[in-house]
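Structure at a glance
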Amino acid sequence: MRALIYRSPGVVEVGEVPRPALLAPTDAIVKVSLAGICGTDLHVVRGDFPGLVAGAVVGHEFVGEVVEAGSALQRLRVGDPVMSSDFTACGHCRWCDDGDHWHCDQRAFFGTGTAFGPALGGAQAEYVRVPHADTTLGLLPPDCPSEAALLMGDNLATGWVAVERAATAPGDCVVVIGGGAVGQLTALSAQAAAAGIVLVVEPNAQRRAFAEAHGSLAAHPDQAPALVRRLTGGVGAEVVLEAVGGNGPLDLALALARPRARIVSVGAHVAESWAFPVARGFRDELSLGFAIGDGIRLRRRLLRMVTGGTLDPTVVIDARGTLADAPAFYRQLAAQTLLKAVVTL
Ligand SMILES: [Zn+2]
Ligand SMILES: [Zn+2]
C-alpha cells in the first residue's frame, strides 16, 4: 500500500509498505479515506520522539471504513464508516471505566514511535491497523462531515479539553497562547463555552488575522500583557490556555494571569523542568494544570456540538490534497504558511 514513510530526521516520502494485518481479535483494519497532518507530526519527522525507525508510517489523525474486523469485536462491523482517536485504549480497565482513556496501560499512539506507548503504525496510509477498535474507533454518523470527524480525534479534542479542564465559565476572559490549529480550535471551543472575551496571542500575523476573522481578538505576544490589562481592568485573565508547549509560553501564560486564574497547558512539553514562581502561585492562588485531549471520552459531546452547529472545526483546514502533496504540506506547516492540511487517500 502507499503511505507516508519516515526515512531519517527531516525526511519523509511517499512509498510502498506492506498492508497491515489483524494481529489481535480486538483489532480492525481501516481503509483510510482522509488523514490529517499535525504539529505533532512535525516533532515526529524532526526526530524529537524516540523509537521511530526508518520505514515507519507517520500520522495519527484519520477517518475511514472498517474493511477487516477482528473476531472479538462486538460493536463494529465491516463496512462501518469510522472516526478515530489518535491513541488506543482498551475500554474496560479502571482508567477506561473512569473515562481517563489516556492513562490506559493499553495506550499506543499512531505513528509516533515509542514516545507514548509501544510503536504503532501511522495513518497517513491507505490502511491502518487499529487495536481495541471497539473503543478506539467511533461510528461516523452521516450528518457529520469527514473533515470535522477527523479533527475530533486530536486537534478539537485538545482544544476542548483545555476549555473544560480550566472550568471556563460564561463571561470569562480567556487568553489562548498560540494560534496554530490547536490554538484556533481552543479559541473556538472557548467561544462555544460562552467565554466573554477570547484573545489569541500569536506572533504570526496571518494566524492573528484568522483568529480575528473567526470571532476572537488577537495580539502579538509583545502587546498581549498591556491589552489583557486593558481588557480586564488591570487584573489579568481568569483563564489562560497554553497551546504551544515549552517554557516561554508557560512564562507568558503566567504574565497574563490574574489572581485565582486557571491556567491549563495543552501544548506538548519536552523540557524536563520549568521555573515556577511558587511564592506568587501561593499568594495569587493560581491553578496550573496540564491536559491531553481524549477523543474517545469527548467524541459524543464534540459530535453534538458539530452536528448541532455550535462549532465548525473545519474552518482551520486551509490545505487539501492527496498523499503525494503530503511532503510539501509538511514543509509549509513547518514554515507556518498553512494552518492545517488534510490529504485524501
Ligand atoms: Zn494531531
Ligand atoms: Zn483501558
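Please read all numbers here as calculations on a predicted model, not as lab measurements.

The rules behind the values
Residues numbered from 1 in each chain as written. Chains lettered and ligands numbered in written order. Predicted model: local features only at pLDDT ≥ 70, side-chain atom pairs only at ≥ 80, totals over all residues. Helix = DSSP H or I, 4+ residues; strand = E, 2+ residues; numbered from the N terminus. Rg over C-alpha atoms; globule rule 2.2 N^0.38 Å. Buried ≥ 20, exposed ≤ 12 C-beta atoms within 10 Å, placed from the backbone. Contact = placed C-beta atoms within 7 Å. Pairing = 2+ DSSP bridges. Axes fitted to C-alpha atoms, helices over the stretch in contact; angles between N-to-C directions. Core = buried A, V, L, I, M, F, W, Y, C linked by C-beta atoms within 7 Å. Domains from an automatic or database assignment. Nonpolar A, V, L, I, M, F, W, Y, C, P; charged D, E, K, R; others polar. Parallel < 35°, antiparallel > 145°, perpendicular 65-115°, else oblique. Left-handed = near helix turned anticlockwise from the far one by under 90°.

1. Quick look at the overall build of the protein
Within the protein, the secondary structure is distributed over 12 helices and 15 strands. A globule of 345 residues ought to have a C-alpha radius of gyration of about 20 Å, and the protein, at 20 Å, matches this closely. Dimensions of the protein along its principal axes, counting C-alpha atoms only, are 60 × 40 × 40 Å. Within the protein, buried positions represent 52% of all 345 residues. Considering only contacts in the protein between residues 6 or more positions apart, those separated by 24 or more positions represent 69%.

2. What to know about the sheet that holds strand β8 (residues 173–177)
Across the sheet, which stays open at both edges, the 6 strands sit in the order β10-β9-β8-β11-β12-β13 with parallel pairing between neighbours. Single-partner strands in this sheet number two, and they are β10 (217–219) and β13 (287–290). Strand-to-strand, the axes of this sheet are offset by a mean angle of 20°, without reference to chain direction. Two elements, strand β11 (residues 237–242) and strand β12 (residues 257–265), share 5 bridges in a ladder whose sense is parallel. Paired with L241 across the two strands is V264, which belongs to β12.

3. Examining the nonpolar core
Among the nonpolar cores identified, the biggest contains 114 residues, and V176, V240 and L241 are the most heavily contacted of them. For this core, the element with the most residues is strand β3 (residues 28–37), which contributes 7 residues. The residues that make up this core include at least three from each of domain 1 (2–154 + 294–344) and domain 2 (156–290). Non-local contacts of L241, meaning those with residues more than four positions away in its chain, are made with A162, V163, A166, V174, V176, I177, T186, V264 and V266.

4. Quick word on the environment of L150
Relative to the assigned elements, L150 resides in helix α4 (residues 146–152). Other than its neighbours up to four places away in sequence, L150 contacts L34, G36, E61, F62, V63 and V342.

5. Regarding the domain arrangement of the protein
What the domain assignment reports for the protein is domain 1 (2–154 + 294–344) and domain 2 (156–290). Once you take the C-alpha centre of each, domain 1 and domain 2 turn out to be 27 Å apart. Considering each element in turn, the side of domain 1 that touches domain 2 owes the most residues, 3 residues, to helix α1 (residues 39–46). Looking at the side of domain 1 that touches domain 2 residue by residue, the class counts come to 10 nonpolar, 7 polar and 4 charged.

6. Regarding helix α9 (residues 247–256)
Those residues of α9 lying buried are P249, L250, L252, A253, L254 and L256. The inward-facing, buried residues of α9 abut β8, β9 (197–201), α8 (224–231), β11 and β12.

7. Considering the environment of A219
When you line up the elements, A219 lands in strand β10. A219 gets classed as buried once you count the C-beta atoms within 10 Å, which come to 21.

8. Things to note about the packing of helix α5 (residues 155–165) against helix α6 (residues 181–192)
The contact between α5 and α6 brings their axes to 8 Å, and the two run at 50°. Classed by the angle they form, the pair α5 and α6 counts as oblique. Of the two elements, α5 crosses α6, and the hand of that crossing is right-handed. Where α5 abuts α6, its residues N155, L156, T158, G159, W160, A162 and V163 lie against A181, V182, L185, T186, L188, S189 and A190. Of the residues in the contact of α5 with α6, the class split is 9 nonpolar, 5 polar and no charged.

9. What about unusual backbone geometry?
It is generally the case that most residues other than glycine have a negative phi and that most peptide bonds are trans. We note that R260 has phi near 65°; this positive angle belongs to a residue other than glycine. Along the chain, R260 falls in strand β12. By C-beta crowding, R260 is classed as exposed, having 12 other C-beta atoms within 10 Å. Although it is not a glycine, Q336 sits at a positive phi angle of roughly 60°. For Q336, a count of 14 C-beta atoms within 10 Å corresponds to the partly exposed category.

10. Some points on the pairing of strand β5 (residues 81–84)
Relative to β5, strand β4 (residues 61–69) runs antiparallel, the two being bridged by 3 bridges. In the strand pairing of β5, G64 is matched with V82. One ladder, built from 3 bridges, connects β5 with strand β7 (residues 137–139); its direction is antiparallel. The residue of β7 that forms the bridge with V82 is L139.

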